[in-house]
Amino acid sequence: QKEVEQNSGPLSVPEGAIASLNCTYSDRGSQSFFWYRQYSGKSPELIMSIYSNGDKEDGRFTAQLNKASQYVSLLIRDSQPSDSATYLCAVAKAAGNKLTFGGGTRVLVKP
Amino acid sequence: ETGVTQTPRHLVMGMTNKKSLKCEQHLGHNAMYWYKQSAKKPLELMFVYNFKEQTENNSVPSRFSPECPNSSHLFLHLHTLQPEDSALYLCASSPAGTGGNNEQFFGPGTRLTVL
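About the criteria used
- Residues numbered from 1 in each chain as written.
- Chains lettered and ligands numbered in written order.
- Predicted model: local features only at pLDDT ≥ 70, side-chain atom pairs only at ≥ 80, totals over all residues.
- Heavy atoms only, no water.
- Contact = heavy atoms within 4.5 Å.
- Buried area = accessible area lost by both parts, 1.4 Å probe.
- Salt bridge = Lys/Arg side-chain N within 4 Å of Asp/Glu carboxyl O.
- Helix = DSSP H or I, 4+ residues; strand = E, 2+ residues; numbered from the N terminus.
- Nonpolar A, V, L, I, M, F, W, Y, C, P; charged D, E, K, R; others polar.
- Pairing = 2+ DSSP bridges.
- Disulfide = S-S within 2.5 Å.
- Buried < 20%, exposed > 50% of the residue type's maximum accessible area, 1.4 Å probe, protein only.

Draft legend 1. Molecular detail of the interface of chain B and chain A. The interface of chain B with chain A comprises 27 residues on the first partner and 22 residues on the second. Contact between chain B and chain A buries roughly 1,600 Å² in total, counting both sides, with carbon and sulfur atoms accounting for 52%. Considering only the side of chain B, the residues that lose the most area to chain A are B:Asn102, B:Glu103 and B:Phe106, jointly responsible for 30% of the buried surface there. The partner of B:Glu56 in a salt bridge is A:Lys98, with the nearest N and O atoms 3.5 Å apart. Of all the secondary structure elements, the ones that give two or more residues to the side of chain B that touches chain A are strand E4 (31-37), strand E5 (44-50), strand E9 (87-94) and strand E10 (105-106) of chain B. Here the residues of the side of chain B that touches chain A sort into 13 nonpolar, twelve polar and two charged.

Draft legend 2. Molecular detail of the pairing of strand E8 (residues 71-76) of chain A. All names here are of chain A. As judged from the six bridges shared by strand E3 (residues 19-25) and E8, these two strands associate in the antiparallel manner. The residue bridging Cys23 from the neighbouring strand is Val72, located in E8. Across six bridges, strand E7 (residues 61-66) lies against E8 in antiparallel orientation. Among the inter-strand pairings, Phe61 is bridged to a residue of E8, identified as Ile76. Adjacent in sequence and paired antiparallel, E7 and E8 are bridged by four residues, among which Gln70 carries a positive phi angle near 60°.

Draft legend 3. Structural context of the state of the cysteines. In this structure the tally under the stated criterion is two disulfides over all chains. With its sulfur 2.1 Å from that of its partner, A:Cys23 forms a disulfide with A:Cys89. Sign of the S-S torsion, about -75° for the bond between A:Cys23 and A:Cys89, identifies this disulfide as left-handed. Note that A:Cys23 is positioned in strand E3 and A:Cys89 in strand E9 (residues 85-93), a separation of 66 residues in sequence. Pair check on accessibility: A:Cys23 and A:Cys89 agree, each one buried. Across the disulfide, B:Cys23 is cross-linked to B:Cys91 (sulfur-sulfur distance 1.9 Å). A torsion of -75° about the S-S bond marks the disulfide between B:Cys23 and B:Cys91 as left-handed.

Draft legend 4. Molecular detail of the pairing of E7(A). Residue and element names in this part refer to chain A. When strand E6 (residues 54-58) meets E7, the two strands line up antiparallel, connected through five bridges. The residue of E7 that forms the bridge with Asp58 is Phe61. Connecting E6 to the antiparallel partner E7 that follows it, the hairpin turn spans two residues, and Gly59 within it adopts a positive phi of roughly 65°.

Draft legend 5. Examining the side chain of A:Gln6 more closely. Residues and elements named next belong to chain A. Topologically, Gln6 is positioned in strand E1 (residues 4-6). Gln6 gets classed as buried once you look at its relative accessible area, which sits at 14%. For Gln6, the contacting residues outside a window of four places in its chain are Asn22, Cys23, Trp35, Tyr87, Leu88, Cys89, Gly102, Gly103, Gly104 and Thr105.

Draft legend 6. A look at the pattern of salt bridges. Residues and elements named next belong to chain A. Applying the stated criterion across every chain, the model contains seven salt bridges over all chains. Among the ionic pairs, Glu57 bridges to Arg77, the shortest N-O distance being 3.4 Å. Placement of Glu57 in strand E6 and of Arg77 in the loop between E8 and E9 is noted, with a sequence separation of 20 residues between them. The exposed category is assigned to Glu57, whose relative accessible area is 59%.

Draft legend 7. The arrangement of unusual backbone geometry in detail. Residues and elements named next belong to chain A. A cis amide bond links Gly9 to the next residue, Pro10, at an omega of 10°. Mapping Pro10 onto the fold places it in the loop between E1 and strand E2 (11-14). Although it is not a glycine, Gln70 adopts a positive phi angle of roughly 60°. Among the secondary structure elements, Gln70 is positioned in the loop between E7 and E8.

Printed below as a string of structure tokens:
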């Protein structure tokens, strides 16, 4: 079992719709969760961090964390063509700062 | 300069060459990292430095040698690499050592090709 799993996609969504991305992790000791966006040929860019169960909203992005079920999700509302990218889920334990990344979900927003 | 910078942005080297990658962070962070990103594979953590001390070596071959002279600078020295080492090498930094805020910020990366 991979430590952090994501559906590789591509996830195709029409412009203006909601894109829903999921990530599951295997280590119950994980305490910090992050979503990064990576455009083709570029480096990852941090878009959300979440540490507690529940929802966290930032602009058009909402991260949802459920530690009991060991999953974290990202919702992108009003998807724009500029949101087309690969979204990376990353997980860290409470102690230490070692991030483990999933393989990423490629999102395509079609006009 | 702002954020995390890396030089060079592109590097082509032969298997017998010796080269170094440089990373500098302008964020006042205390931890720095090297990652490798190969095609079709997740980001792989290579090394972690907290307050200039190496705290993680993720079973990286000795042909990769990191150096952290201070909390703002990180180097990756390369020698006798193999073609399979061709990848995007990413540097990142974060504000905390162990625990606490783990938010990591990445540099633009060095695209390495080993011939």
